[in-house]
Amino acid sequence: MQNNCQFGMIGLGVMGQNLLLNIADHGFAVAGFDTNTQKVAELQQNATVGTQIFATDNLPQFINALQSPKKIMLLVPAGPAVDAVLQNLAPYLNQGDIVIDGGNSFYKHTNERVQRLAAQGIHFMGMGVSGGEEGARRGPALMPGGDEVAWHHVQPIFEAIAAKVGTDACVAYMGKDAAGHFVKMVHNGIEYAVMQLIAETYAVLKHGLHYTNTQLQDVFTRWNSTELESYLIEITADIFGKKAEDETTDIIDIILDVAGSKGTGKWTSVEALQLSIPIPTIDAAVTARAVSTFKPLRNSLATTVQKCTGEFTITENDCKSALYAAIIVAYVQGLHLIQQASVDMNMQVPLANAVKVWRGGCIIRSQLLTTFYDVFVQHPQTVQLLEAAPIQQLLNTHIQGLRAVVSQATQNGIACSALASAVTYFDMFSTAYLPINLIQAQRDYFGAHTYQRTDKDGSFHTQWQA
Ligand code: 6PG
């Protein structure tokens, strides 16, 4: 295949291979490169009959197979591997070529790469890819950012392969520079939060309402045909029904309660702190994974600390309301962060596009996103979704359930920091009074930091000690 491939993929691991097979299935001639010959062979074996796929472990051959301007996507582990590939590619790239990083790269690294390659006339794009292995093969959600002209060159390919909601493809331009990777990072932050909220609700249903795994499977299955409908609720229902190899033990009961993470949730929290945007429910989810790793300490304290085990009067419906309200709040926080970051870093992210793309193919796809999408389309100036009347109505309806669940869980020693953070976030934002006047007085007392007053303009200092 000499110079006739319309798209090239570097990195033929699970995601790279599946995405490339998906592109080939949509009628594009493609080339795949990996230094691992086994992966190269696998790509050839897995190609659908009649599709045009050239697979190689030879970089010059891979390059020669591509049409100009070259469109090359990298699906290699985020971090130094991306720079190593870029270094190897450098001698073969020409002005106007497009290189797309589809990994979960840290957006600040993407920004550096965009600048570095732009100096050589090469368009570097960061693109969030969500949906896991199955999504990559059958229809992912794609969040590209970077040079808009370059985007239009690859747009037909990505529109063809992305998941579809009705006739809408789950791919859209996310904005300048590293906007695509920023949006994907926050997607993952929301993913962490929703997973933790579901896990805490599971704890309440299991330990408070004494639901069995069969009942849990039933609850999540039913909830998935209501306003809670979403991919994460759907897979949760499946999980409770899955048996281990012995075909008797419920697999959920033998999975160790220690969570791993690749860091994207933590990045979201760190960046939000840097930008002073509160996202406490995402923070709580990141923290919960960290706490989970202290397993020996938890085991030991569990034998010495007394927990109250009172009666639970909350209902399954309260749990449903609690989860729904808290999930809304998690999205509100994440979208607020994107909005603010977009302004601060001039990324020009169209929020409606992010929400539109997330409606299908990605891990946080849910019915709720259609509600958010409608808000952003009708009121594009929305800064934080709590401002929007439809969101206020939903929260007013469900917040009492969240209060009840958090209160009983807390009284009975069931940790629910993500659920609690959501109700507290709602309360803090929906009060005209915060006790921060006292903080200001304290700051002024010990540090002469001054304060503002409610009765007159200006900056004031008090001599606090006589
Ligand atoms: C997706 C996922 C995917 C993945 C991350 C987060 O959108 O398909 O977000 O990118 O699950 O790697 O994983 P951790 O939980 O390991 O941080």
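This structure is a prediction, so every number in the text was calculated from the model and none was measured.

## Description of the overall build of the chain
A tally of regular secondary structure across the chain gives 19 helices and nine strands. Relative to the compact-globule value of 23 Å for 466 residues, the chain shows a C-alpha radius of gyration of 25 Å, a close match. Taken over the C-alpha atoms alone, the chain extends approximately 80 × 65 × 45 Å along its principal axes. Burial statistics for the chain: of 466 residues in total, 50% are counted as buried. Excluding contacts between residues fewer than 6 apart, the proportion of contacts in the chain whose partners are at least 24 apart in sequence is 68%. Of the accessible surface of the chain, which amounts to about 21,600 Å², a share of 53% is contributed by carbon and sulfur atoms. On the chain, the mean spot of the 29 positive side-chain charges and the mean spot of the 40 negative ones are 3 Å from each other.

## Some remarks on the site of the ligand
Among the 13 residues in the neighbourhood of the ligand, the closest are listed as Ser130, Glu191, Tyr192, Lys262 and Arg289. In the model, an oxygen atom of the ligand is placed 3.0 Å from a nitrogen or oxygen of the Gly131 main chain. Considering each element in turn, the shell around the ligand owes the most residues, five residues, to helix H8 (residues 179-208). Partitioned by chemical class, the residues of the shell around the ligand number two nonpolar, seven polar and four charged.

## A few points about the packing of helix H12 (residues 280-292) against helix H14 (residues 316-344)
Packing of H12 against H14 brings their axes to within 8 Å, and their N-to-C directions diverge by 105 degrees. Classified by the interaxial angle, the pair formed by H12 and H14 is roughly perpendicular. Counting all contacts with H12, which are made through Pro280, Thr281 and Ile282, the residues of H14 involved are Val329, Ala330, Gln333 and Gly334. Taken together, the residues of the contact of H12 with H14 sort by class into four nonpolar, three polar and no charged.

## Some details on helix H7 (residues 148-161)
In this model H7 runs 19 Å from its N-terminal to its C-terminal C-alpha over 14 residues, within 8% of the 20 Å that 1.5 Å per residue would give. Roughly 55 degrees is the biggest bend found in H7, and it falls at Val154, with proline Pro156 one to four residues downstream. Listed in full, the buried residues belonging to H7 are Ala150, Trp151, Val154, Ile157, Phe158 and Ile161. Its side-chain oxygen at 3.0 Å from the backbone nitrogen of Val149, Asp147 defines the N-terminal cap of H7.

## Some remarks on the environment of Gly241
Within the secondary structure layout, Gly241 lies in the loop between helix H10 (231-240) and helix H11 (264-275). For Gly241, a relative accessible area of 34% corresponds to the partly exposed category. On a C-alpha basis, the gap between Gly241 and Asn213 in space is 7.1 Å, while along the polypeptide they are 28 residues apart.

## Focus on the environment of Ser130
Note that Ser130 resides in strand S6 (residues 123-130). Here Ser130 falls in the buried class, since its relative accessible area comes to 3%. Along the backbone, Ser130 and Met195 are 65 residues apart, and their C-alpha atoms lie at a distance of 15 Å. Beyond its immediate chain neighbours, meaning those up to four positions away, Ser130 contacts Pro140, Ala141, Met143, Lys184, His187, Gly361, Cys362 and Ile363. A distance of 3.2 Å separates the side chain of Ser130 from the backbone nitrogen of Ile363, its partner in a polar contact.

## Some points on H14
A rise of 1.5 Å per residue sets the reference length of H14, with its 29 residues, at 42 Å; its end C-alpha atoms lie 42 Å apart and thus fit the reference within 8%. The buried count for H14 comes to 24 of 29 residues, which makes it a mostly enclosed element. One or two positions beyond H14, positive phi appears at Asn346, with a value near 50 degrees.

## Observations concerning unusual backbone geometry
Going from Ser68 to Pro69, the amide bond is cis rather than trans, its omega being -10 degrees. By the element assignment, Pro69 lies in the loop between helix H3 (59-64) and strand S4 (71-74). The phi dihedral of Ser276 falls on the positive side, at around 55 degrees, and the residue is not glycine. Tracing the backbone shows Ser276 in the loop between H11 and H12.

## Some details on the pairing of strand S7 (residues 141-145)
The element S7 is extensively covered by neighbouring structure, given that five of its five residues are classed as buried. Going residue by residue along S7, you find Ala141, Met143 and Gly145 tucked away on one face and Leu142 and Pro144 tucked away on the opposite face as well. Judged from the five bridges that link them, S6 and S7 form a sheet pairing that is antiparallel. Along S7, the bridge assignment pairs Ser130 with Ala141.

## Brief notes about the nonpolar core
Ranked by size, the top nonpolar core spans 93 residues in total, and within it Phe182, Phe220, Leu335, Trp358, Phe372 and Leu402 carry the most contacts. Excluding residues that lie within four positions of it along the chain, Phe182 makes contacts with Tyr107, Leu275, Leu337, Ile338, Ala341, Met345 and Met347. Counting 33 residues, the second largest nonpolar core, distinct from the first, contains Ile100, Leu142, Phe158 and Tyr173.

The rules behind these values
- Residues numbered from 1 in each chain as written.
- Predicted model: local features only at pLDDT ≥ 70, side-chain atom pairs only at ≥ 80, totals over all residues.
- Heavy atoms only, no water.
- Helix = DSSP H or I, 4+ residues; strand = E, 2+ residues; numbered from the N terminus.
- Rg over C-alpha atoms; globule rule 2.2 N^0.38 Å.
- Buried < 20%, exposed > 50% of the residue type's maximum accessible area, 1.4 Å probe, protein only.
- Contact = heavy atoms within 4.5 Å.
- Areas by Shrake-Rupley, 256 points an atom, 1.4 Å probe, with all protein chains shown as cover.
- Lys, Arg positive; Asp, Glu negative; His and termini not counted.
- Charge placed at Lys NZ, Arg CZ, Asp CG, Glu CD.
- Near = heavy atom within 4 Å.
- Polar contact = N/O pair within 3.5 Å; in protein donor to acceptor, adjacent residues only side chain to side chain.
- Nonpolar A, V, L, I, M, F, W, Y, C, P; charged D, E, K, R; others polar.
- Axes fitted to C-alpha atoms, helices over the stretch in contact; angles between N-to-C directions.
- Parallel < 35°, antiparallel > 145°, perpendicular 65-115°, else oblique.
- Expected span 1.5 Å × (residues − 1).
- Bend = angle between axes of the 7 residues up to and from the residue.
- Pairing = 2+ DSSP bridges.
- Core = buried A, V, L, I, M, F, W, Y, C linked by side-chain atoms within 4.5 Å.

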